[in-house]
Structures are given as C-alpha cells and as structure tokens.
Amino acid sequence: MKLQEKLIFEKSRPGRTGYEVPTTTAKPIDPAAYFGKFYRKDIPEFPELSEPEVIRHFVNLSKLNYSIDEGLYPLGSCTMKYNPKINEKVAAMEGFCAAHPYWPERQVQGCMRIIKELEEMLCEITGMSAFSLQPAAGAHGELTGMLMVKAYHDSRGENRDIVLIPDSAHGTNPSSAHICGLHVVQIASNERGGLNIEDLGKNLSPKVAALMITNPSTLGLFEEEIGTIAKMLHDVGAQLYMDGANMNALLGKVRPGDFGVDVLHINLHKTFSTPHGGGGPGAGPVGVAGHLEKFRPVPIVEEAPGGTLRFNVNRLDSIGKVKGFFGNFGIIVRAYTYILNMGPEGLKAIAETAVLNANYLRVKLKPRFNLPYDRICMHEVVFDDKRQAPKGVSTLNIAKRLMDYGFHPPTIYFPLIVGGALMIEPTESEPLEELDRFIATMNTIADEAETNPDLVKNAPYTTPVLKLDEARAARTPVLRWKPAAK
Ligand SMILES: *Cc1c(COP(=O)(O)O)cnc(C)c1O
C-alpha cells in the first residue's frame with residue numbers, strides 16, 4: 001500500500017460491520033426505559049467497516065510512527081533511551097498489574113515494598129534524604145517541589161515570592177514557579193554556558209525563595225560553579241532546586257544531594273528507561289533534603305515495628321495530595337526493575353557510555369556544524385545552523401531532511417539562548433555503527449546544503465505529510481479527523 005493511501009480515512013461503506021450480536025430468546029429489554037432521553041438509536045457518523053479493515057487501518061497508521069525500537073532517536077533533553085523489555089514483563093506480573101488501589105494494606109504489602117525500596121534506591125543514587133514517587137511527570141515534580149519550598153519558607157514565617165531561573169531553562173520551570181504564585185526573575189548565562197555568578201549575586205535578596213537550576217544544563221554542560229551557587233543561595237536563606245529531568249550523565253558519578261541541592265525532581269521516563277512519548281504515563285519523583293522531608297505529599301509509605309508497611313496520610317506539615325492514589329505505580333515497577341537489572345556498576349556504565357556517545361558526536365560533527373559552546377559535553381551536545389545559514393538552509397530544514405534518511409530529528413530551537421539550536425542526545429543505547437550512520441547522514445546533509453540548498457529546503461520528500469505550511473499549521477491546526485459533510 002502506498003504511503004498516501006494509508007492516510008485515507010474515508011473508508012466507511014453503508015451496511016458493513018465487524019460484529020454480530022447473537023439472537024436471544026429472552027424478552028428484549030427496552031433501552032429507552034433505562035436511559036430515557038439519553039438513549040440514542042443511532043450513533044451518527046460512526047464509520048461502518050469490517051474487522052480486517054479496522055485492523056489494517058490502525059496497523060498501517062502504527063507503521064507511520066517512529067520509535068527507539070527502530071533506530072536512533074536523538075531528541076535532546078528527552079533521553080530517548082531503549083526501554084528494556086524485561087521492565088514490561090515484570091510490570092505485567094499479576095501481583096502488580098492486577099492490584100487495585102482500594103485493596104487493604106495487608107493485601108498490597110509487596111507493592112508498598114516496591115514503592116519504599118524505589119524511594120530508597122533514588123535516595124542513594126541522588127544523595128537526597130527522602131523521595132515522593134507521586135508526581136506524574138517532570139513538570140508535576142517541579143510543581144510539587146516548589147510547593148514544598150513555599151511551605152518551608154511559610155513555616156519559618158518568611159515571605160519569599162521570587163524564583164530565579166537561568167535563561168537556558170526548560171519552559172516548565174518558569175511555568176511551575178508561576179503556578180505556585182511565585183514571581184520569576186531570569187538569570188543570564190555566561191560565555192561558557194554556565195550560570196552568570198555576578199548576575200545571580202545581583203538578584204539575591206531576602207525575597208528569593210529558590211533558584212531552579214538544571215544540571216547538566218540544557219546545553220548539555222555541567223555547572224562547574226554549582227558548589228559556589230549553593231553556598232550563595234543558602235547564605236541568604238534561599239533554596240537550591242535542581243531540575244534533574246536529565247540525570248543520565250550523573251548516574252553513579254555525582255550526587256545532587258552532595259553538591260547542596262535541597263529539592264530535586266527526576267524523570268523515570270527519561271533516565272530510568274520507562275516508556276516516553278505516547279508510550280504511556282510518566283513519573284517525576286521528587287527528592288528532598290532532610291529539612292524538607294516533612295512537607296512531602298501524602299500518603300507516605302512507612303514501616304511499622306515488625307516490618308508491616310502502611311500508608312501514612314496523617315502528616316500535619318504535608319503539602320497534601322498531588323495525585324490520585326500512589327502515583328503511576330506501573331511506571332514505578334518498571335524503574336525499580338531497571339535499577340535492579342543495571343546494578344550500581346551498570347548505572348555507572350550508563351553515565352559513561354551516554355557521555356562518551358554525546359562527545360563522539362560532538363567531535364565528529366564539529367568539522368561541518370557550528371558548535372556554539374565548544375566544551376566537553378555531558379549527555380547531549382548543542383549545535384546550530386550558522387554554517388548552513390548563508391545558503392538559506394535552516395535548522396528546521398536539516399531536521400526535516402534527516403527524516404528522509406530515516407532518522408528521528410533532534411530537538412530544534414531549544415535551548416532558546418542558542419539561535420537555530422540542534423540539540424542532539426544519543427543516549428547510551430546506541431552502538432558505534434548507528435552513531436556512524438547518523439554522522440554520515442549529517443555530513444551528507446551538510447554537503448547538500450552547500451551544493452544543492454533547495455533540496456534541503458524543500459525536504460521532506462518521503463513522509464506521509466510533506467513540507468508543512470508552518471504558519472497555517474500553527475494558526476489553523478487540524479487536530480482530529482472529522483467525517484466528510486453529507
Ligand atoms: C523533560 C524535561 C522536563 C519536563 O518533564 P515532563 O515529564 O515532560 O513534564 C523538565 N525539565 C527538563 C530539563 C526536561 O528535559
């Protein structure tokens with residue numbers, strides 16, 4: 001079937017059906033008697049199709065997708081690593097996937113033990129004192145963390161409502177702070193891509209609640225002054241929040257708790273290999289230093305004498321509930337499996353391989369692509385389109401052209417402080433051959449940009465939807481199929 005034909009949605013033929021309701025001798029019920037005016041005799045505009053047609057429609061659509069199970073997925077800041085299949089096997093065990101959140105504690109001791117042990121593992125990995133696994137995403141973790149920071153200052157009778165955020169930060173940082181009712185002040189970066197210490201100093205005051213910093217930063221660079229930054233904040237009574245969505249480069253190497261971080265969120269759906277991007281729910285656990293422990297959301301899994309676990313909801317200083325029940329438990333099981341599967345040496349090897357892979361791409365692509373911050377990088381590397389721009393070829397064009405060669409594009413135009421950013425994160429999952437295939441393709445695109453820029457500018461040519469009218473797509477997006485008017 002041709003690519004374009006797979007996208008034809010008008011497949012309905014009157015009278016076609018994929019099911020047959022068995023006839024019955026029982027007295028038919030009258031649906032109208034049960035549902036009253038809500039009873040519909042007809043579902044308008046429902047497509048009429050046979051079962052194989054429905055199956056083919058969805059299978060063909062699924063084949064238009066791209067996933068880490070097919071090849072490199074270098075979407076920077078997203079850590080699109082391979083999701084080991086053993087995670088799925090363990091999460092599908094009946095004791096985990098069939099457990100109901102309303103079951104009594106004595107019946108779910110095993111599930112509660114997983115929650116408690118994952119919290120302990122994350123404490124050991126990050127150096128924080130305690131964790132909450134409840135937040136459902138990174139951004140949700142940020143919100144939970146900032147609510148705890150606010151509760152901490154309030155408990156001391158301090159009215160602090162300013163949050164400092166570097167100009168390289170992920171957009172969720174300012175929005176989380178804003179939702180907490182805090183005011184955001186932007187801090188500049190220095191010429192090495194780190195935080196501008198002078199600018200930080202100028203903005204410190206008794207009104208500052210916290211600095212939200214990402215380390216490694218979204219430029220893929222380790223914040224070398226993190227010790228100094230922590231001290232500057234603590235000296236004025238402010239808290240150090242770390243966005244640890246991208247912890248991949250730090251695993252088994254450096255612990256945020258050891259360099260002065262008070263609150264940290266991490267993403268199980270990035271660093272800890274749970275599905276990501278249309279693959280299901282996420283989890284953004286939050287870790288805290290000792291002085292913030294009592295503000296954690298309820299419930300907290302606690303061990304009673306004798307080893308029985310219970311959910312404690314009766315904690316006076318808690319910020320309250322942030323999520324239904326106990327977080328996305330299936331995701332917790334997957335991350336727990338991953339950590340046990342890797343072990344301490346495996347986690348270290350992940351960090352080393354992820355950093356090595358990113359630096360391999362940095363060195364190999366540098367001859368053809370502009371590298372705004374030319375330093376040894378951590379888990380990812382950020383290039384831009386300055387060398388291709390004179391020929392009219394932009395980052396967007398390069399990303400689209402990569403799709404023609406069968407790659408998922410990198411993250412583009414982020415971080416905002418790099419104009420035309422191409423943010424590439426290979427992760428540890430990639431063998432050398434796949435990295436070399438990507439490098440060869442990027443070099444081919446660099447050649448094309450020189451010799452035939454229109455070829456790159458009009459890409460893609462092989463995708464079901466060709467070059468988009470970006471302005472129209474943004475202004476009048478068509479986000480779902482609607483039946484043709486009769
Ligand atoms: C992914 C990411 C987030 C947000 O995580 P979500 O799970 O998408 O909410 C926040 N900060 C950084 C640096 C990230 O990379």
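**As for the overall build of the protein chain**
Turning to step 1, where the next piece is worked out: From N to C terminus, the protein chain includes 15 helices and twelve strands.
Turning to step 2, where the next piece is worked out: Relative to its length of 486 residues, the protein chain is compact, with a C-alpha radius of gyration of 26 Å against a globular reference of 23 Å.
Turning to step 3, where the next piece is worked out: Counting only C-alpha atoms, the protein chain reaches 80 × 70 × 40 Å along its principal axes.
Turning to step 4, where the next piece is worked out: Expressed as a percentage of its 486 residues, the buried residues of the protein chain come to 48%.
Turning to step 5, where the next piece is worked out: At a minimum sequence separation of 6, the contacts of the protein chain that also span at least 24 residues come to 70%.

**Section: the sheet that holds strand β2 (residues 162-166)**
Turning to step 1, where the next piece is worked out: Across the sheet, seven strands lie side by side as β1-β7-β6-β5-β4-β2-β3; this open sheet has mixed pairing. Since the sheet does not close on itself, it has two edges, and those belong to β1 (130-132) and β3 (183-187), each with one partner. Across the sheet, the mean angle from the axis of one strand to that of its neighbour is 25°, orientation sign disregarded.
Turning to step 2, where the next piece is worked out: In the sheet, β1 pairs with strand β7 (residues 286-288) via three bridges, with the strands oriented antiparallel. Of the residues in β7, the one forming a bridge with Ser 132 is Val 286.
Turning to step 3, where the next piece is worked out: Running over the sheet, helix α6 (residues 109-126) touches β1 and β6 (263-266) and is turned about 125° from β1.

**Focus on the nonpolar core**
Turning to step 1, where the next piece is worked out: Counting 59 residues, the largest nonpolar core has Leu 118, Leu 122, Leu 200, Leu 211, Leu 240, Leu 268 and Phe 272 as the members making the most contacts within it.
Turning to step 2, where the next piece is worked out: In terms of residue count, the dominant contributor to this core is helix α11 (residues 329-365) (twelve residues).
Turning to step 3, where the next piece is worked out: Two domains each donate at least three residues to this core, and these are domain 2 (85-340) and domain 3 (347-473).
Turning to step 4, where the next piece is worked out: With residues near it in sequence (within four places) discarded, Leu 268 still touches Leu 118, Leu 122, Ser 273, Thr 274, Ala 283, Pro 285, Ile 331, Ile 332 and Ala 335.

**Notes on the side chain of Gln 388**
Turning to step 1, where the next piece is worked out: Residue placement: Gln 388 occurs in the loop between β10 (381-383) and α12 (395-404).
Turning to step 2, where the next piece is worked out: For Gln 388, the contacting residues outside a window of four places in its chain are Arg 368, Phe 369, Val 393, Ile 398, Ala 446 and Ala 449.

**Some thoughts on the site of the ligand**
Turning to step 1, where the next piece is worked out: Contacts to the ligand come from 14 residues, most closely from Ser 77, Gly 138, Asp 243, His 269 and Lys 270.
Turning to step 2, where the next piece is worked out: The side chain of Asn 246 places a nitrogen or oxygen atom 3.4 Å from an oxygen atom of the ligand.
Turning to step 3, where the next piece is worked out: Between Asn 267 and the ligand, the recorded distance is 3.1 Å, taken from a side-chain N or O atom to an oxygen atom.
Turning to step 4, where the next piece is worked out: Protein chains bury 86% of the 380 Å² of accessible surface belonging to the ligand in isolation.
Turning to step 5, where the next piece is worked out: With three residues, the single largest contributor to the shell around the ligand is helix α7 (residues 138-155).
Turning to step 6, where the next piece is worked out: Tallied by class, residues from the shell around the ligand come to three nonpolar, eight polar and three charged.

**As for the domain arrangement of the protein chain**
Turning to step 1, where the next piece is worked out: Structurally, the protein chain comprises domain 1 (3-63), domain 2 (85-340) and domain 3 (347-473).
Turning to step 2, where the next piece is worked out: A straight line from the C-alpha centre of domain 1 to that of domain 3 covers 44 Å.

**Structural notes on a nonpolar patch on the surface**
Turning to step 1, where the next piece is worked out: On the surface, Ile 29, Tyr 34, Phe 35, Phe 38 and Tyr 39 cluster together into a nonpolar patch covering about 640 Å² of accessible area.
Turning to step 2, where the next piece is worked out: Among the structural elements, Phe 38 can be located in the loop between α2 (31-35) and α3 (51-63).

**Quick word on α6**
Turning to step 1, where the next piece is worked out: When the terminal C-alpha atoms of α6 are compared, their 26 Å separation across 18 residues agrees well with the 26 Å that a helix rising 1.5 Å per residue should span.
Turning to step 2, where the next piece is worked out: Every buried residue of α6 is accounted for by Cys 111, Met 112, Ile 114, Ile 115, Lys 116, Leu 118, Glu 119, Met 121, Leu 122, Cys 123, Ile 125 and Thr 126.
Turning to step 3, where the next piece is worked out: Buried residues along α6 sit in contact with α5 (94-97), β1, β6, β8 (300-303), β9 (309-312) and α11.
Turning to step 4, where the next piece is worked out: One or two positions beyond α6, positive phi appears at Gly 127, with a value near 80°.

**Remarks on helix α8 (residues 172-179)**
Turning to step 1, where the next piece is worked out: Every buried residue of α8 is accounted for by Asn 173, Ser 176 and Ala 177. Along the axis of α8, the buried residues cluster in a sector spanning 95°; they form a single face. Opposite the packed face of α8, turned more than 90 degrees from it, sit the exposed residues His 178 and Ile 179.
Turning to step 2, where the next piece is worked out: Turning to α8, the residues buried within the fold contact α7, β2, β3, β4 (208-214) and β5 (239-244).
Turning to step 3, where the next piece is worked out: Once α8 finishes, Gly 181 follows within two positions and takes phi at roughly 80°, a positive value.

**What to know about the packing of α7 against α8**
Turning to step 1, where the next piece is worked out: Where α7 contacts α8, the two axes come as close as 9 Å, and the packing angle between them is 40°. If you check the angle between α7 and α8, you find them oblique. In this structure, the crossing between α7 and α8 has a hand that is right-handed. Counting all contacts with α7, which are made through Ala 139, Glu 142 and Leu 143, the residues of α8 involved are Thr 172, Asn 173, Ser 176 and Ile 179.
Turning to step 2, where the next piece is worked out: Class assignment for the residues of the contact of α7 with α8 results in three nonpolar, three polar and one charged.

Criteria and thresholds
- Residues numbered from 1 in each chain as written.
- Predicted model: local features only at pLDDT ≥ 70, side-chain atom pairs only at ≥ 80, totals over all residues.
- Heavy atoms only, no water.
- Helix = DSSP H or I, 4+ residues; strand = E, 2+ residues; numbered from the N terminus.
- Rg over C-alpha atoms; globule rule 2.2 N^0.38 Å.
- Buried < 20%, exposed > 50% of the residue type's maximum accessible area, 1.4 Å probe, protein only.
- Contact = heavy atoms within 4.5 Å.
- Pairing = 2+ DSSP bridges.
- Axes fitted to C-alpha atoms, helices over the stretch in contact; angles between N-to-C directions.
- Core = buried A, V, L, I, M, F, W, Y, C linked by side-chain atoms within 4.5 Å.
- Domains from an automatic or database assignment.
- Near = heavy atom within 4 Å.
- Polar contact = N/O pair within 3.5 Å; in protein donor to acceptor, adjacent residues only side chain to side chain.
- Areas by Shrake-Rupley, 256 points an atom, 1.4 Å probe, with all protein chains shown as cover.
- Nonpolar A, V, L, I, M, F, W, Y, C, P; charged D, E, K, R; others polar.
- Patch = residues over 30% accessible without salt bridge, like charges linked within 9 Å, V, L, I, M, F, W, Y side chains within 5 Å.
- Salt bridge = Lys/Arg side-chain N within 4 Å of Asp/Glu carboxyl O.
- Expected span 1.5 Å × (residues − 1).
- Arc of directions from axis to C-beta.
- Parallel < 35°, antiparallel > 145°, perpendicular 65-115°, else oblique.
- Left-handed = near helix turned anticlockwise from the far one by under 90°.

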